[in-house]
Amino acid sequence: MIRNFKAEIFCRENNLSPKEVDTGDQVWLGRIDRFFRQTSILPPDGDPNEYAAAFEAVYPQARHRRQYIDDAISKGTPCFGHRVLGSLIAAQKADCIFTTNFDPLVEEAAGAANSLLPVEDRARPTVAGIDSSERASRCLRESDWPLVAKLHGDYQSVTIKNTGSELEQQDSRMRHVLVEASQRFGMVFVGYSGRDSSVMEALTSVLREADAFPNGLYWVTSSASKLMPAVTQFLEAAHIAGVDVAVVECKTFDELAADVIKRVDLPKVLMDHIMQAHPEPRLVPVMLPETAALQFPVLRYSAVLIESIPRTARKIILAQSTTTPVVRDLLRAHGCKAVVAANGCELAVFGRDEEVMAILGPDGAKLDGTIVLDPTRDSWALGLLYDALVKALSRHRPLIPRYRRSGHSLVVATQRDGDAPERVQKQAQELAPLRFAYGGPVSGIVQKLNFPFQEGIFLKLEQIEGRWWCGFEPYTFVDIPRTPEGDQAAPGDLPTAERDALGRSVDAKGGDPAGDWRRERWAQKYNKQWASIIDAWAKLLTTTRDGSVRAFNFGDGEGVDAVFAVSTFTGWSRPAHQHDYFDRTK
């Protein structure tokens, strides 16, 4: 209320609209505080008379002050603390309540609690204001408890105390009730500022009696350091008078109420009523899930896990330094299918020793045991494993490897003249899942262009977070004949087509004559179709007898084979729970 009153005065004195001022904004609050520090319109911040002066400055007429109180109270609802206090009254655990508030929340809370009890057990409070103080006197004389006494009046009363002059004097009857009750009971002060001189004088007068506050005096505040001087003086005087005095720090009325009901026995129906309004705790115990949050992660990667890779290859010492392409072309010219990588005068080889040495031996090459492969450090070792993996994945499958400097690929094999019927049938069975996933043939002729096409995948071997993965990208390969400008290709003549940086077909003029056809072929393949295509390729690449693929599969002692252990599952977007990210101790 003080903050709102100050904002009203600030707007009035500075000719501002209240709509322009946000009292919840610290910037505006700072401006308002600076304004009042520089003027003498109101007492200083924290002064006991600050509330009364601000209220009277904004609403000089008593009827306007009553209207303001009435409007504010109409928006109020009982809080958790009110439910507790009302239940204590209904259960006859609290006999006498004094309040400087105008609202009816205490009696409303008591009425709600009483309605839950049997009629014979109910304790309805008597409510007395300063214009009905005779009720309070009667309750005191007859010990007719419980009593709720409104020291500043009720919001429905004609007389309520708000301004300085109104708060200077306390109604004599209500003052008498307050003094007499202080001599009978102990008293707990909750959320009371001590701004009212009349109330504080009445309480101080009790200390002159021998039996003041016989059951002690407890002053509950959010912070002991924020007690007003009048309160501090009163507590010190009470202590000197022999009263058991205690200052209790508690942030809110709700917190105090929650602590009180832990020590007080209430009927179960009242406890249930109270707990219905208990605020949700900020920290609550939770059960950690013991199963995966999702059975299927959100995204599936077109990549299979390589669980193990070859660690060694055959080492051959050459008479002179050379390069990998030179050795590869030499072996291919002699029909040797070994996989090689040159590193100066050393050669790392996967293949049959006898075949390789028959070609390289005459030039002074010598076998020298094995060489350790470290693909994370040596690019030649990574290249060797990349070549060997492509060869291993194509072996005994209806796939044809295509080796390019820009990246290797696999394409589905097409039927050739002279193939045995058994071979054709087996190949058709192995490619059936691919045809189903693609929704049609996986090889054939491009309409209107008459270029052969084959479905395939680009392959990539890379290490991610300490694991080796073989990524594959589905792509439709089209063989576009490359002929001298102006010449016509003879029917059936399919020379090697030009390739772009990714190994895709382009014609000699730099365009892709099959680009529109290829885009149209893939345009209708959405998530469901893509998932089927990835699944079909993954199964084709990883279905083996023992979970591994080999580049050669020859006996021991014949050479060094490239053996890769492959997982039958593709990668998923959800990280493993053993990932370092989930380790909060680091």
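Residues numbered from 1 in each chain as written. Predicted model: local features only at pLDDT ≥ 70, side-chain atom pairs only at ≥ 80, totals over all residues. Heavy atoms only, no water.

## Structural notes on the overall build of the protein
Here is step 1: The secondary structure content of the protein amounts to 19 helices and 20 strands.
Here is step 2: Per-residue burial for the protein yields a buried fraction of 42% across its 586 residues.
Here is step 3: The contacts of the protein with a sequence gap of at least 6 include a subset with a gap of at least 24, amounting to 66%.
Here is step 4: Accessible area of the protein: about 33,700 Å², with a carbon and sulfur share of 50%. (Helix = DSSP H or I, 4+ residues; strand = E, 2+ residues; numbered from the N terminus. Buried < 20%, exposed > 50% of the residue type's maximum accessible area, 1.4 Å probe, protein only. Contact = heavy atoms within 4.5 Å. Areas by Shrake-Rupley, 256 points an atom, 1.4 Å probe, with all protein chains shown as cover.)

## Some points on a nonpolar patch on the surface
Here is step 1: Side chains of Val188, Val190, Tyr218 and Val248 sit close together on the surface and give an oily, nonpolar patch of about 300 Å² of accessible area.
Here is step 2: Along the polypeptide, valine 248 turns up in strand β6 (residues 245-249). (Patch = residues over 30% accessible without salt bridge, like charges linked within 9 Å, V, L, I, M, F, W, Y side chains within 5 Å. Salt bridge = Lys/Arg side-chain N within 4 Å of Asp/Glu carboxyl O.)

## Comments concerning the state of the cysteines
Here is step 1: Under the defined criterion, the tally for this structure stands at zero disulfides.
Here is step 2: Of all cysteine sulfurs, the one in cysteine 139 lies closest to cysteine 96, which takes part in no disulfide; the gap is 8.4 Å. (Disulfide = S-S within 2.5 Å.)

## Topic: the side chain of arginine 397
Here is step 1: Following the sequence through the fold, arginine 397 ends up in the loop between α16 (379-394) and β11 (399-402).
Here is step 2: The buried charged residue arginine 397 lacks any salt bridge partner; its closest oppositely charged side chain belongs to glutamate 430, at an N-O distance of 7.6 Å.
Here is step 3: At a separation of 3.3 Å, a polar atom in the side chain of arginine 397 contacts the main-chain carbonyl oxygen of threonine 543.
Here is step 4: Ignoring any residue separated from it by four or fewer positions in sequence, one finds arginine 397 in contact with Ala392, Leu540, Leu541, Thr542, Thr543, Thr544 and Val549. (Lys, Arg positive; Asp, Glu negative; His and termini not counted. Polar contact = N/O pair within 3.5 Å; in protein donor to acceptor, adjacent residues only side chain to side chain.)

## A closer look at the sheet that holds strand β4 (residues 187-190)
Here is step 1: Spatially, β4-β5-β6 is the arrangement adopted by the three strands of the open sheet, whose pairing is parallel. Edge strands, defined here as strands with exactly one partner in the open sheet, are β4 and β6. Strand-to-strand twist of the sheet, defined as the mean angle between neighbouring strand axes without regard to direction, takes the value 15°.
Here is step 2: Note: strand β5 (residues 217-221) against β6, five bridges, orientation parallel. The partner of leucine 217 across the bridge, within β6, is valine 245. (Pairing = 2+ DSSP bridges. Axes fitted to C-alpha atoms, helices over the stretch in contact; angles between N-to-C directions.)

## Side note on the pattern of salt bridges
Here is step 1: Tallied over the entire structure, the rule returns 25 salt bridges.
Here is step 2: The closest approach of N and O atoms between arginine 328 and aspartate 387, which form a salt bridge, is 3.2 Å. A residue pair is termed long-range when its members are at least 10 positions apart, and arginine 328 in helix α14 (residues 324-333) and aspartate 387 in helix α16 qualify at 59 residues.
Here is step 3: The class of aspartate 387 is buried, set by a relative accessible area of 11%.
Here is step 4: One salt bridge connects arginine 521 with glutamate 455, and the closest N-O pair in it is separated by 2.6 Å. Note that arginine 521 is positioned in helix α18 (residues 515-523) and glutamate 455 in strand β14 (residues 452-464), a separation of 66 residues in sequence.
Here is step 5: Among the residues examined, glutamate 455 registers a relative accessible area of 0% and is labelled buried.
Here is step 6: When salt bridges with common partners are traced through the structure, they connect Glu134, Arg141 and Arg173 into a single cluster.

## A word on the packing of helix α17 (residues 421-438) against helix α19 (residues 527-542)
Here is step 1: Where α17 contacts α19, the axes come no closer than 8 Å and their chain directions differ by 170°. By the angle class used here, α17 and α19 are roughly antiparallel. Of the two possible hands of crossing, α17 and α19 adopt the one that is left-handed. Listed contacts from α19 to Glu430, Pro433, Leu434, Ala437 and Tyr438 of α17 are Gln529, Ser532, Ile533, Ala536, Trp537 and Leu540. (Parallel < 35°, antiparallel > 145°, perpendicular 65-115°, else oblique. Left-handed = near helix turned anticlockwise from the far one by under 90°.)

## Comments concerning the pairing of strand β20 (residues 563-572)
Here is step 1: In terms of strand pairing, strand β7 (residues 300-308) meets β20 through four bridges, oriented antiparallel. Across the sheet, residue arginine 300 finds its bridge partner in β20, namely tryptophan 572.
Here is step 2: Across three bridges, the pairing between strand β18 (residues 548-550) and β20 is antiparallel. Across the sheet, the residue bridging to serine 548 is alanine 565, located in β20.

## Brief notes about the sheet that holds strand β2 (residues 126-128)
Two orientations exist for strands paired in a sheet by backbone hydrogen bonds: parallel and antiparallel.
Here is step 1: Spatially, the three strands line up as an open sheet ordered β1-β3-β2, and their pairing is parallel. A single partner strand is all that each edge strand has here, and the edge strands are β1 (96-99) and β2. Between one strand axis and the next, the sheet turns by 15° as a mean value, whatever way the strands run.
Here is step 2: Bridge count for β1 against strand β3 (residues 147-150) is four bridges, and the pairing is parallel. By the bridge assignment for β3, phenylalanine 98 is matched with alanine 149.
Here is step 3: Its contacts with the sheet put helix α9 (residues 172-184) on β1, β2 and β3, and the angle it makes with β1 is roughly 130°.

## Some remarks on the confidence of the model for the protein
Here is step 1: Summing up the model confidence of the protein, the mean pLDDT is 85 and the portion of residues at 70 or higher is 88%.
Here is step 2: Under a pLDDT of 50 for its full length, residues 486-504 has, in the predicted model, 33 contacts with residues more than four places off or in other chains. (pLDDT = per-residue confidence, 0-100.)

## Describing helix α11 (residues 229-240)
Because an α-helix packs 3.6 residues into every turn, residues spaced three or four apart end up facing the same way.
Here is step 1: Here α11 contains 12 residues, and its C-alpha end-to-end distance of 17 Å stays within 8% of the 16 Å for a straight helix at 1.5 Å per residue.
Here is step 2: Along α11, the residues classified as buried are Val231, Phe234, Leu235 and Ala238. In a view along the axis of α11, the buried residues occupy a sector of 95°, so they form one face of it. Opposite the buried face of α11, by more than 90 degrees, sit the exposed residues Pro229, Gln233 and Ile240.
Here is step 3: Buried-residue contacts for α11 involve α10 (197-206), β5 and β6. (Expected span 1.5 Å × (residues − 1). Arc of directions from axis to C-beta.)

## Observations concerning the packing of aromatic side chains
Here is step 1: Throughout the structure, instances matching the rule amount to 22 aromatic pairs.
Here is step 2: The interplanar angle of 85° and the centroid separation of 5.5 Å between the aromatic rings of phenylalanine 10 and phenylalanine 35 together place this pair among those described as edge-to-face. Within this pair, whereas phenylalanine 10 is found in helix α1 (residues 2-13), its partner phenylalanine 35 is found in helix α2 (residues 26-37), the two being separated by 25 residues in sequence. When sorted by exposure, phenylalanine 10 lands in the same class as phenylalanine 35, which is buried.
Here is step 3: Between phenylalanine 458 and phenylalanine 477, the aromatic rings sit 5.0 Å apart at their centres with planes inclined by 55°, giving tilted as the arrangement. (Phe/Tyr/Trp six-rings, centres within 6.5 Å; stacked < 30°, edge-to-face > 60°.)

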